[in-house]
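Spelled out, the chains give:
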Amino acid sequence: MIEHLELFFKSIFIDNMVFAVFLGMCSYLAVSKKVATAVGLGAAVIFVLAITVPLNWLLDQYLLQPGALSWLDPKYGIGGAEEMDLGFLSFIMFIATIATMVQLVEIVVEKFSPSLYNSLGIFLPLIAVNCAILGGSLFMQSREIETLGLALNYGVSSGIGWFLAILAIAAIREKIRYSNVPAPLRGLGITFIITGLMGIGFLSFGGMLTGGDEEGEPSTEPSAQIEHIETEKEAKKLADNTKTVE
Amino acid sequence: MGLLSKKDANLIIDPLTDNNPITIQVLGICSALAITAELKASLVMGIAVLFVLGVGNVVISLMRNIIPSKIRIIVQLIVVATLVIIVDQVLKAFAFELSKTLSVFIGLIITNCIIMGRFEAFALGNGPWKSFLDGIGNSLGYAVILIIVGFFRELLGSGTLFGIPVLGDPIEKTGVYASGYENNGFMLMPPMALIIVGLIIWVQRSRNKDLIED
């Protein structure tokens with residue numbers, strides 16, 4: 001349970017799809033002029049991620065991992081006689097499932113809920129090539145998410161993170177239409193800068209899940225690592241200096 | 001020189017400034033920002049996109065008359081995915097460290113909107129040679145922005161370029177560091193890439209008033 005909650009909050013705030021890894025920026029910038037359309041696109045992204053990430057997890061687990069084909073015949077497993085690693089097919093398989101699922105979802109929604117289709121409809125085909133969707137599956141694979149439940153959790157929470165981001169920027173863009181932005185910055189330029197500032201704000205969530213640890217993990221962020229290396233070197237220099245004095 | 005006619009030469013030059021895929025067409029932003037903390041990574045990403053877009057444009061252009069319209073997105077995705085798998089395997093074989101830095105972003109070239117965008121806008125309606133030039137031009141325009149952002153981020157963030165210290169040694173306090181300068185570690189954080197691109201857009205639109213949005 002804790003694992004699930006941790007992953008949920010981590011994916012929304014710390015590894016936010018827009019502010020930490022910049023996925024889905026193209027549609028994020030293009031669709032964020034009004035809050036209403038942003039909400040529609042955000043909801044569609046959550047929906048598609050929730051479906052495709054678990055599906056791709058199953059594919060990854062039973063087909064693409066090294067030795068994953070052991071359910072077919074033990075000789076294909078790790079250490080078996082004909083060990084198989086189909087990992088290089090990941091990209092094409094993931095994008096194929098995403099494109100198919102999006103097409104399926106579009107057909108189903110059109111048939112069973114025409115009103116929903118009319119409000120979401122134009123965004124669904126666009127989403128198949130949204131890097132946030134493929135990114136969700138690829139990060140699920142590279143971070144080695146362990147169970148199907150966690151994969152579903154990851155899909156939904158990454159979607160919510162993206163939804164939060166596009167909602168916020170749409171609201172801000174609606175308001176700054178009445179501000180005096182310098183002409184060359186108007187539109188795209190100021191949106192980039194605002195998104196950067198929002199990203200800086202979201203960095204503040206970085207300490208959220210490490211509080212309470214007895215021994216905090218050394219941070220992997222570059223600046224912290226540079227500091228770490230520098231202090232190590234200084235300590236070593238001091239130690240060397242004291243040796244030569246003897 | 002008669003190698004490239006004026007119109008063909010424009011296919012390469014326009015995307016470098018006036019029709020830049022990132023700052024004007026607003027495509028390909030995702031991968032442009034996340035990996036630019038090191039100049040080397042930016043350069044390699046630029047080369048990868050050059051290969052995928054150049055070859056992909058030619059392939060789609062050669063097939064343009066036989067692709068049924070209803071499944072053209074799927075065909076495009078398959079062509080791009082295959083080319084990206086090739087790039088990924090080559091990188092893993094010859095530059096393993098770099099492929100670890102670039103990790104999933106090589107895979108994300110598949111959904112890089114520049115590639116699909118140019119397929120739809122150009123390759124599906126033009127011949128192979130012109131499509132090749134268009135692909136080269138747009139990927140050069142993309143690479144230019146990546147290199148500029150990577151240059152500033154690496155220089156101001158770690159004082160190095162391509163991993164070589166150019167401002168002096170921060171520990172020994174030589175060079176610029178002797179007068180109290182410190183590396184701006186913040187430049188290595190993702191949000192700064194967004195702000196730098198915003199500034200590039202500002203400069204570009206100040207120089208060319210036609211591009212200013214209403």
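Here the structure is a predicted model, which is why all the values come from computation and not from measurement. (Residues numbered from 1 in each chain as written. Chains lettered and ligands numbered in written order. Predicted model: local features only at pLDDT ≥ 70, side-chain atom pairs only at ≥ 80, totals over all residues. Heavy atoms only, no water.)

### As for the overall build of chain B
Argument step 1. Secondary structure summary: chain B contains nine helices and two strands in total.
Argument step 2. Reading the helices (α) and strands (β) of chain B from amino to carboxyl end gives α-α-α-α-α-α-α-α-β-β-α.
Argument step 3. Each principal axis of the C-alpha distribution contributes one length, and for chain B these read about 65 × 45 × 40 Å.
Argument step 4. For chain B, buried positions account for 51% of its 214 residues.
Argument step 5. Across chain B, the fraction of contacts at a sequence separation of at least 24, relative to all contacts at a separation of at least 6, is 73%.
Argument step 6. Measuring between centres, the 15 positive side-chain charges of chain B sit 9 Å from its 15 negative side-chain charges. (Helix = DSSP H or I, 4+ residues; strand = E, 2+ residues; numbered from the N terminus. Buried < 20%, exposed > 50% of the residue type's maximum accessible area, 1.4 Å probe, protein only. Contact = heavy atoms within 4.5 Å. Lys, Arg positive; Asp, Glu negative; His and termini not counted. Charge placed at Lys NZ, Arg CZ, Asp CG, Glu CD.)

### Overview of the packing of aromatic side chains
Residues and elements named next belong to chain A.
Argument step 1. This model, assessed by the stated rule, comprises nine aromatic pairs over all chains.
Argument step 2. For the ring pair Phe202 and Phe205, a centre distance of 5.4 Å and an interplane angle of 70 degrees mean the geometry is edge-to-face.
Argument step 3. Looking at Phe205, the relative accessible area reads 28%, which means it is partly exposed.
Argument step 4. Chaining the aromatic ring pairs together yields one cluster made of Phe8, Phe9, Phe13, Phe19, Phe202 and Phe205. (Phe/Tyr/Trp six-rings, centres within 6.5 Å; stacked < 30°, edge-to-face > 60°.)

### Thoughts on a negative patch on the surface
All names here are of chain A.
Argument step 1. Taken together, Glu3, Glu6, Glu144 and Glu146 make up a surface patch of like negative charges.
Argument step 2. By the secondary structure assignment, Glu6 is in helix α1 (residues 2-14).
Argument step 3. Overall, the relative accessible area of 40% leaves Glu6 in the partly exposed class. (Patch = residues over 30% accessible without salt bridge, like charges linked within 9 Å, V, L, I, M, F, W, Y side chains within 5 Å. Areas by Shrake-Rupley, 256 points an atom, 1.4 Å probe, with all protein chains shown as cover. Salt bridge = Lys/Arg side-chain N within 4 Å of Asp/Glu carboxyl O.)

### Quick look at the interface of chain B and chain A
Argument step 1. With 46 residues of chain B in contact, the opposing surface of chain A contributes 46 residues.
Argument step 2. When the area that chain B buries against chain A is broken down by residue, the three leading residues are Thr111(B), Ile171(B) and Leu194(B), summing to 15%.
Argument step 3. Where chain B touches chain A, the interface holds zero residue pairs in polar contact (both at pLDDT 80 or more).
Argument step 4. Elements represented by at least two residues in the side of chain B that touches chain A include exactly α2 (29-34), α4 (72-94), α6 (104-107), α7 (113-123) and α9 (190-207) of chain B.
Argument step 5. Residue contributions to the side of chain B that touches chain A peak at eleven residues, all from α9(B).
Argument step 6. For the side of chain B that touches chain A, a count of residues per class yields 31 nonpolar, ten polar and five charged. (Buried area = accessible area lost by both parts, 1.4 Å probe. Polar contact = N/O pair within 3.5 Å; in protein donor to acceptor, adjacent residues only side chain to side chain. Nonpolar A, V, L, I, M, F, W, Y, C, P; charged D, E, K, R; others polar.)

### Comments concerning the environment of Tyr76(A)
Residue and element names in this part refer to chain A.
Argument step 1. The topology assignment puts Tyr76 in the loop between α3 (35-64) and α4 (90-112).
Argument step 2. Sequence separation of Tyr76 and Pro66 is ten residues, and the distance between their C-alpha atoms is 9.1 Å.
Argument step 3. When residues no more than four places from it in sequence are discounted, the contact partners of Tyr76 are Gly67, Leu69, Glu82, Glu83 and Met84.

### Notes on α4(B)
Argument step 1. Taking 1.5 Å per residue, 23 residues should reach 33 Å; α4(B) reaches 33 Å between its end C-alpha atoms and fits that length.
Argument step 2. Looking at the buried side of α4(B), the elements it contacts are α4 of chain A together with α3 (39-63), α5 (96-102), α6 and α7 of chain B. (Expected span 1.5 Å × (residues − 1).)

### Quick look at the confidence of the model for chain A
Residue and element names in this part refer to chain A.
Argument step 1. Looking at chain A, pLDDT values average 79 and 81% of them are 70 or higher.
Argument step 2. At the level of individual helices and strands, chain A shows its lowest average pLDDT in helix α10 (residues 222-245), which scores 61, and its highest in helix α8 (residues 148-176), which scores 92.
Argument step 3. Taken as a whole, residues 212-217 scores under 50 in pLDDT and shows zero contacts with residues more than four places along the chain or in a different chain. (pLDDT = per-residue confidence, 0-100.)

### Here's the deal with the side chain of Arg173(A)
Residues and elements named next belong to chain A.
Argument step 1. In this structure, Arg173 sits in helix α8.
Argument step 2. Judged by relative accessible area, which is 12%, Arg173 ranks as buried.
Argument step 3. Polar side-chain contacts of Arg173 include one of 3.0 Å to the backbone oxygen of Leu29.
Argument step 4. Setting aside chain neighbours within four positions, we find Arg173 in contact with Leu29, Ser32, Lys33, Gly187 and Thr191.

### Here we look at helix α8 (residues 128-158) of chain B
Argument step 1. Across its 31 residues, α8(B) extends 43 Å between first and last C-alpha, which sits within 8% of the 45 Å expected from 1.5 Å per residue.
Argument step 2. Remark: Gly159(B) follows α8(B) within two positions and exhibits a positive phi of approximately 70 degrees.

### Details of the side chain of Thr36(B)
Residue and element names in this part refer to chain B.
Argument step 1. Note on placement: Thr36 falls in the loop between α2 and α3.
Argument step 2. Residue Thr36 is classed as buried on the basis of its relative accessible area of 0%.
Argument step 3. Within the local environment of Thr36, its side chain forms a polar contact with the side chain of Arg153, the two groups lying 2.9 Å apart.
Argument step 4. Sequence-distant contacts of Thr36, that is, excluding residues within four places in its chain, are made with Ser42, Leu146, Val149, Gly150, Arg153 and Ala193.

### Digging into the nonpolar core
Argument step 1. Membership of the largest hydrophobic core comes to 109 residues, with the highest contact counts inside it found for Met25(A) and Tyr28(A).
Argument step 2. When sequence neighbours within four positions are dropped, the list of residues in contact with Met25(A) reads Val18(A), Ile29(B), Cys30(B), Leu33(B) and Leu194(B).
Argument step 3. In this structure, Leu155(B), Leu161(B), Leu167(B) and Tyr177(B) belong to the second largest nonpolar core, which totals five residues. (Core = buried A, V, L, I, M, F, W, Y, C linked by side-chain atoms within 4.5 Å.)

### Let's talk about the confidence of the model for chain B
Residues and elements named next belong to chain B.
Argument step 1. Mean pLDDT over chain B works out to 82, with 96% of the residues at or above the 70 mark.
Argument step 2. The least confident element of chain B is α2, whose mean pLDDT is 76; the most confident is α3, at 90.
Argument step 3. Reported confidence for the predicted complex is 0.80 by ipTM and 0.77 by pTM.

### Quick notes on the packing of α3(B) against α7(B)
Residue and element names in this part refer to chain B.
Argument step 1. Closest axis-to-axis distance for the α3/α7 pair is 10 Å, and the angle between their directions is 35 degrees. Relative to α7, α3 is oriented so that their crossing is right-handed. Counted together, Val52, Leu53, Gly56, Asn57, Ile60 and Ser61 of α3 and Ile114, Ile115, Arg118, Phe119 and Ala123 of α7 form the full contact between these two elements.
Argument step 2. Considered class by class, the residues forming the contact of α3 with α7 number seven nonpolar, three polar and one charged. (Axes fitted to C-alpha atoms, helices over the stretch in contact; angles between N-to-C directions. Left-handed = near helix turned anticlockwise from the far one by under 90°.)

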